[in-house]
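Tertiary structure, described
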Amino acid sequence: DGGITQSPKYLFRKEGQNVTLSCEQNLNHDAMYWYRQDPGQGLRLIYYSQIVNDFQKGDIAEGYSVSREKKESFPLTVTSAQKNPTAFYLCASSRPTGGIDIQYFGAGTRLSVL
Amino acid sequence: GIQVEQSPPDLILQEGANSTLRCNFSDSVNNLQWFHQNPWGQLINLFYIPSGTKQNGRLSATTVATERYSLLYISSSQTTDSGVYFCAAKYNFNKFYFGSGTKLNVKP
């Protein structure tokens, strides 16, 4: 089945630790996105990538890093510089084709601080 | 960037009632999507509707791009319709801009 897989579902981070959230897609999509959602709030863009080996900062990139070495994968690292990392993280992908660009989402990762 | 505003922020309905959710956007868009976020957090695509009207069962959506708004209609609401509804807008190769959502609670 085609889709977007995020892992793990739940993740706990200790003080001063870097953690990496995985996002893999088998939809052959060129563009991938990371969003953060705080309780009762909307989605805020962290980073996005429109092609392999290229990515851009979103609205809240500080304290996060990404890589895009393969088309299928767009991992997000939450660094120790991110002082308030507790949130729900959503990965999405899309394939702009002929002016149509529909975004699809994974099931998300809930990150908590120990 | 594009400002996206959704209204109302909260909505409580009795099962079987109809509702209209609104999404206003500040600039020209050529991409408008509606999503439903279920209680487990998953965002489900409802409509890709940069203009015109589409229907899918009890749900329908209309976007009037020239007037910069989109509407999502839910008819004969069911408890499973509860959750948060988001709209997201985009122009060309820019990023998507999300509204803050409408939280819907359908009571039995």
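Residues numbered from 1 in each chain as written. Chains lettered and ligands numbered in written order. Predicted model: local features only at pLDDT ≥ 70, side-chain atom pairs only at ≥ 80, totals over all residues. Heavy atoms only, no water.

1. A word on the pairing of strand S9 (residues 87-94) of chain A
Residue and element names in this part refer to chain A.
- Burial runs high along S9: eight of the eight residues are buried.
- Side chains Ala87, Tyr89, Cys91 and Ser93 project from S9 onto one buried face, and the interleaved Phe88, Leu90, Ala92 and Ser94 project onto a second face that is buried too.
- Relative to S9, strand S4 (residues 31-37) runs antiparallel, the two being bridged by seven bridges. Each residue of the ladder has a partner; that of tyrosine 35, found in S9, is leucine 90.
- Bridge count for S9 against strand S11 (residues 109-113) is three bridges, and the pairing is antiparallel. Each residue of the ladder has a partner; that of tyrosine 89, found in S11, is threonine 109.
- Here two bridges tie S9 to strand S10 (residues 104-105), and the two strands are oriented antiparallel to one another. The residue of S10 that forms the bridge with serine 93 is tyrosine 104. (Buried < 20%, exposed > 50% of the residue type's maximum accessible area, 1.4 Å probe, protein only. Helix = DSSP H or I, 4+ residues; strand = E, 2+ residues; numbered from the N terminus. Pairing = 2+ DSSP bridges.)

2. So, the sheet that holds strand S1 (residues 4-7) of chain B
Residue and element names in this part refer to chain B.
- Taken in spatial order, the five strands line up as S1-S3-S8-S7-S6 in an open sheet, and their pairing is antiparallel. Every interior strand has two partners, whereas the edge strands, S1 and strand S6 (52-56), have only one. For this sheet, the mean inter-axis angle between neighbouring strands, taken without regard to orientation, is 15°.
- For strand S7 (residues 59-64) and strand S8 (residues 69-74), the ladder comprises six bridges, and the chain directions are antiparallel. Within the sheet, the bridge partner assigned to leucine 59 lies in S8 and is isoleucine 74. (Axes fitted to C-alpha atoms, helices over the stretch in contact; angles between N-to-C directions.)

3. A closer look at the side chain of Asn31(B)
- Here Asn31(B) is to be found in strand S4 (residues 31-37).
- One polar contact links the side chain of Asn31(B) to the main-chain carbonyl oxygen of Asp101(A), over a distance of 2.5 Å.
- Among all residues touching Asn31(B), those that are not within four sequence positions of it are Asp101(A), Tyr48(B), Pro50(B), Ala88(B), Ala89(B), Lys90(B) and Phe96(B). (Polar contact = N/O pair within 3.5 Å; in protein donor to acceptor, adjacent residues only side chain to side chain. Contact = heavy atoms within 4.5 Å.)

4. What to know about unusual backbone geometry
- In this structure, Pro8(A) follows Ser7(A) across a cis peptide bond, with omega equal to -5°.
- Between Ser7(B) and Pro8(B) the backbone carries a cis peptide bond, its omega angle lying at -10°.
- Tracing the backbone through its elements, the reader meets Pro8(B) in the loop between S1 and strand S2 (10-14).
- Positive phi outside glycine occurs at Arg68(B), with the angle close to 60°.
- Locating Arg68(B) in the fold gives a position in the loop between S7 and S8.
- Assessed through its relative accessible area of 35%, Arg68(B) is described here as partly exposed.
- Even without being glycine, Ser76(B) reaches a positive phi, approximately 45°.
- Among the structural elements, Ser76(B) can be located in the loop between S8 and strand S9 (83-90).

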